[in-house]
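Here is how the chains run, residue by residue.
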Amino acid sequence: MPGVPAIDTAARRCAAVLAVGLLLPPVLAGCGGSEDTSEGKSGAARDVAVTARDRLADGGTLRWAVDAMPATLNAFQTDADETTDRIADATLPALFTLDSRAKPQLNRDYLESAEVTEREPHQTVVYTLSPKARWSDGKPIGLADFRAQWKALGGSNNAYWTARNAGYDRIHKVEKGDKPRQVKVTFARPYSDWQSLFTPLYPRPVMGKPKAFNDDTRTRLAVSGGPFRLKGGKLDHKADEIALERNPKWWGQPAKLDEIVLTAIDQKKRGKALARGKLDLAEIEPPVMKKIVAASDPRRDPAKNPAGNNEENERKGEKKAQAERKKLRGYAVRRAYDPAYTQLALNGASGPLRDERVRRGIARALDRKKLAEAALDPAGLPGKALGSHLRMFDQDGYHDNSGAIGEASRESASALLAEAGWRGGPSVDSGQGDAQEDAKRDDSTGRAPVFTALTHSAAIGHAAVLRQVAHADARAAKTAEENFSEDAEERLKTARASMKKAEKAEAALGEFLGGLLRAEGGLVRKKEGKELELRMVLPAGDGSKEIRHTGERIVRMLDKVGVRAKITQVRDEAFFKDHIASGDFDLALYSWPASAYPITDARPIFAKPEPAADGSLLIEQNYTRVGTDQIDHLFEQAAGELDERAKRDLIKRIDARVWATAGSIPLYQRPQLVAADKKLGNVGAFGFETPRYQDIGYVK
């Protein structure tokens, strides 16, 4: 979902080469009881227009929006992205696909069976391939392809520029099975996520030589093994779209569509592209969702509601607006939880946040449910606070381990911060009301008289007037946008300018008020004469508006326990490289994609940083720089655990300890909003589920 900075799937693949002093809470000691299959069900796992194949017409083109053209067609390179993955999903073998609960399912288009046949002395997996499974050049999919992919990704040959080796580096040998069409894989060390391997599977010519792997596959995919193939077999980096055509050599149920055209289009332009009928399927932001919903509301249609007509509707552009409204009525908005979560990251490498008690105090000060509601309610999704780093809502095995952080309350947070030596701050008995309610109280700090005096000041009046003007301009802009008025863009610019003026006045007032409050009652906590101030880094781009709103809400929550957080906005392109990856932040908000295989994919995110020979810190993908030996040990134990029940319990234990270290505080799953042509079947907001590309089509 756009609007929230996210580590993309390419970063998740690669391992970037870039001591807890307190006893852990008792909850961490348990290994879990019986499986609770109902926990974590949200009702928003997916939202897809399920349609039987016999109701779909043969033919047609699907124009599917993507964020950018792929930098490579090789899903195992560091700069592979979501578009790379989408192409691979449609054109290459996937031995296991995911259902809506992120459970791996045997893909019978390629496999008759796949099972662990031995556990001792070495784990052995036998794949029995479908006799029909062939590459588009006519060659059978088989042993040579498996062996070449293992050799390329196993990590033993540095000539291959791979993003990840996890799992493949545990394989001892790949050989022919006992029966025809069987491939036997023997592991040197057990690997619990073995179902993640050989998906996607590339043909031997791609994996067999370093040059083909490193260079040729960036732009060429001459051979297909899926229901679609890359049209022309070559990627044109100068173009803004890439076509996938029906694979005539596909042995399974034939693709209903003639083509899928992946079109690179910026999020900010998707609303207009949809209104002009230039897209059939696109992930969108809440403002575009609202326009689509409004277009189907007769109360907002001037043609059907004459009382709503005004001068704007009589302008010469009204005919165009009506046409755009008609186009938008042809789309349905599909809503689901995205398989990704937004977190508050706390940099534990330096400053006050090196103290685990401070990090946990900050975590306890957050009302994560309110943060989730504020972010998800506008998207029409349940506002639920996420309770796990390793499993998302609806994911098989989800368990809320947030209790490991301790009681989430202002009193508990204040007590922990005071224990860490940061004293002063607001009175812990001031309740859970907002600043205005606190202002009415005549407590011993003398804050009420200060608030009372300021309430009647010209400064507050000026800021309030500017805020009212900004809201009025925003309402006018929204109305113009929903009615497709010609001056909608101009009104939007006016609203933004008004809002900036109001925010500037309020910021100045906040600084003034903060100074008075600190002078009156010690609002900010102090230790050895130094105030507890933290720097929150957020991206400044237009697409990151919601994440900044979440940051502002967090700042207000922390202020209530005497922690002063100041927001620093930075350019989007510099956010990760210059700040998150380099450690130039105290607090930050960004998102991680979730995984069906968290033991493999989440380990680099929470691995304990280690000192390098040159004095630098090797952090892999652990940008919070917080980790423990025990977390590392549990990940290693889980990676080799073949018993599903035992693996589930280990994941719970890992997550509870990650919560307790308070380097990463999950807030909520991001919304996944998709605009889909109402005539399309088997598309929508898929969540975790792997699309079945051959079943996507237009209803007869």
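Provided above is the structure to which this section pertains.
The sections below set out a description of the structure shown in this document. (Residues numbered from 1 in each chain as written. Predicted model: local features only at pLDDT ≥ 70, side-chain atom pairs only at ≥ 80, totals over all residues. Heavy atoms only, no water.)

### Here we look at the overall build of the protein
Per the secondary structure count, the protein includes 21 helices and 24 strands. Per-residue burial over the protein gives 54% buried out of 700 residues. (Helix = DSSP H or I, 4+ residues; strand = E, 2+ residues; numbered from the N terminus. Buried < 20%, exposed > 50% of the residue type's maximum accessible area, 1.4 Å probe, protein only.)

### Some thoughts on unusual backbone geometry
Cis geometry is adopted by the peptide bond preceding proline 121, which originates at glutamate 120 and carries an omega value of -5°. On the secondary structure map, proline 121 appears in the loop between strand 5 (111–118) and strand 6 (124–129). Cis peptide bonds are those with omega within 30 degrees of zero, and the linkage from threonine 199 to proline 200 qualifies with -5°. By the secondary structure assignment, proline 200 is in the loop between strand 8 (182–187) and helix 4 (204–207). Phi angles above zero are rare outside glycine, and arginine 181 is one such case at about 65°. Checked against the element boundaries, arginine 181 lands in the loop between strand 7 (171–176) and strand 8. Assessed through its relative accessible area of 27%, arginine 181 is described here as partly exposed. Backbone geometry places aspartate 394, a non-glycine residue, at a positive phi of 75°. Relative to the elements of secondary structure, aspartate 394 occurs in the loop between helix 10 (368–376) and helix 11 (410–419).

### Quick word on the packing of aromatic side chains
Tallied over the entire structure, the rule returns 21 aromatic pairs. Measuring from ring centre to ring centre gives 6.1 Å for tryptophan 64 and tyrosine 693, while their planes differ by 35°; the resulting arrangement is tilted. In this pair, tryptophan 64 sits in strand 2 (residues 61–66) while tyrosine 693 sits in the loop between strand 23 (684–685) and strand 24 (697–698), placing the two residues 629 residues apart along the sequence. In terms of burial, tryptophan 64 and tyrosine 693 fall into one category: buried. Ring centres of phenylalanine 76 and tyrosine 202 lie 6.0 Å apart, and the angle between their planes is 65°; on these two criteria the pair is classed as edge-to-face. Of this pair, phenylalanine 76 sits in the loop between strand 2 and helix 2 (82–91) while tyrosine 202 sits in the loop between strand 8 and helix 4, and the two are 126 residues apart along the sequence. Tyrosine 202 carries the same exposure label as phenylalanine 76, and that label is buried. Among the aromatic residues, those joined into a cluster by ring pairs are Phe76, Phe96, Tyr127, Phe146, Tyr168, Trp194, Phe198 and Tyr202. Over the ring of phenylalanine 393 we find lysine 384, and its NZ or CZ is 5.8 Å from the ring centre. (Phe/Tyr/Trp six-rings, centres within 6.5 Å; stacked < 30°, edge-to-face > 60°. Lys NZ or Arg CZ within 6 Å of the ring centre and 35° of its normal.)

### Some points on the packing of helix 9 (residues 356–364) against helix 11
Across the interface, helix 9 lies against helix 11 with an axial gap of 8 Å and an inter-helix angle of 165°. The orientation of helix 9 relative to helix 11 falls into the category roughly antiparallel. Considering the relative orientation of helix 9 and helix 11, their crossing is left-handed. Packed against helix 9, whose contacting residues are Arg357, Val358, Arg360, Gly361 and Arg364, the element helix 11 presents Ser412, Ala413, Leu416, Leu417 and Glu419 at the interface. In terms of residue class, the contact of helix 9 with helix 11 is made up of 4 nonpolar, 2 polar and 4 charged. (Axes fitted to C-alpha atoms, helices over the stretch in contact; angles between N-to-C directions. Parallel < 35°, antiparallel > 145°, perpendicular 65-115°, else oblique. Left-handed = near helix turned anticlockwise from the far one by under 90°. Contact = heavy atoms within 4.5 Å. Nonpolar A, V, L, I, M, F, W, Y, C, P; charged D, E, K, R; others polar.)

### What about the packing of helix 10 against helix 16 (residues 545–559)?
Packing of helix 10 against helix 16 leaves a shortest axis separation of 10 Å and a crossing angle of 155°. When the axes of helix 10 and helix 16 are compared, the pair comes out roughly antiparallel. The interaxial crossing formed by helix 10 with helix 16 has right-handed handedness. Across from Lys370, Leu371, Ala374 and Ala375 in helix 10, the residues of helix 16 making contact are Glu546, Thr550, Arg553, Ile554 and Met557. Taken together, the residues of the contact of helix 10 with helix 16 sort by class into 5 nonpolar, 1 polar and 3 charged.

### Comments concerning the environment of glycine 687
Summarising the element assignment, glycine 687 is placed in the loop between strand 23 and strand 24. Along the chain, glycine 687 and leucine 98 lie 589 residues apart, while their C-alpha atoms are 10.0 Å from each other. Dropping the residues within four chain positions of it, glycine 687 is found in contact with Ala45, Tyr337, Pro339 and Gln672.

### Digging into the nonpolar core
Counting residues in each nonpolar core, the largest one holds 163 residues, and the members touching the most others are Tyr127, Phe198, Leu274, Leu344 and Ile665. Top contributing element to this core by residue count: strand 13 (residues 331–346), with 8 residues. Among all residues touching tyrosine 127, those that are not within four sequence positions of it are Leu95, Leu111, Ser113, Ala114, Phe146, Arg181, Gln182, Val183, Val185, Trp194 and Phe198. (Core = buried A, V, L, I, M, F, W, Y, C linked by side-chain atoms within 4.5 Å.)

### Digging into the pairing of strand 10 (residues 241–246)
Examined bridge by bridge, strand 9 (residues 228–230) and strand 10 share 3 bridges and lie antiparallel to one another. Along strand 10, the bridge assignment pairs leucine 230 with leucine 244. Here strand 10 pairs with strand 11 (residues 259–264) via 5 bridges, running antiparallel. Within strand 11, the residue paired with glutamate 245 across the bridge is glutamate 259. (Pairing = 2+ DSSP bridges.)

### Some remarks on the sheet that holds strand 7
Here we have 4 strands laid out as an open sheet, ordered 5-6-8-7, and antiparallel in their pairing. Two strands close off the open sheet at either side, each with one partner strand: strand 5 and strand 7. With strand direction ignored, the average angle separating the axes of adjacent strands in the sheet is 15°. By the bridge criterion, 5 bridges tie strand 6 to strand 8 in an arrangement that is antiparallel. The partner of tyrosine 127 across the bridge, within strand 8, is valine 183. Along the sheet face, helix 3 (residues 143–153) touches strand 6, strand 7 and strand 8 and points at about 165° away from the line of strand 7.

### A word on the side chain of aspartate 695
By the element assignment, aspartate 695 lies in the loop between strand 23 and strand 24. In this structure aspartate 695 comes out as buried when scored by relative accessible area, which is 12%. Polar side-chain contacts of aspartate 695 include one of 2.7 Å to the side chain of arginine 53. Engagement of the side chain of aspartate 695 in a polar contact is seen with the side chain of arginine 692, the distance being 2.8 Å. Those residues in contact with aspartate 695 that sit more than four places away from it in its chain are Arg53, Leu56, Gln253, Gly681 and Asn682. (Polar contact = N/O pair within 3.5 Å; in protein donor to acceptor, adjacent residues only side chain to side chain.)

### Brief notes about the side chain of glutamine 669
On the secondary structure map, glutamine 669 appears in strand 21 (residues 664–677). A polar contact is formed between the side chain of glutamine 669 and the backbone oxygen of aspartate 338, at a distance of 2.8 Å. For glutamine 669, the side chain forms a polar contact with the main-chain nitrogen of phenylalanine 393, separated by 2.8 Å. Apart from the residues lying within four places of it in its own chain, the contact partners of glutamine 669 are Tyr337, Asp338, Pro339, Ala340, Tyr341, Leu376, Leu386, Met392 and Phe393.

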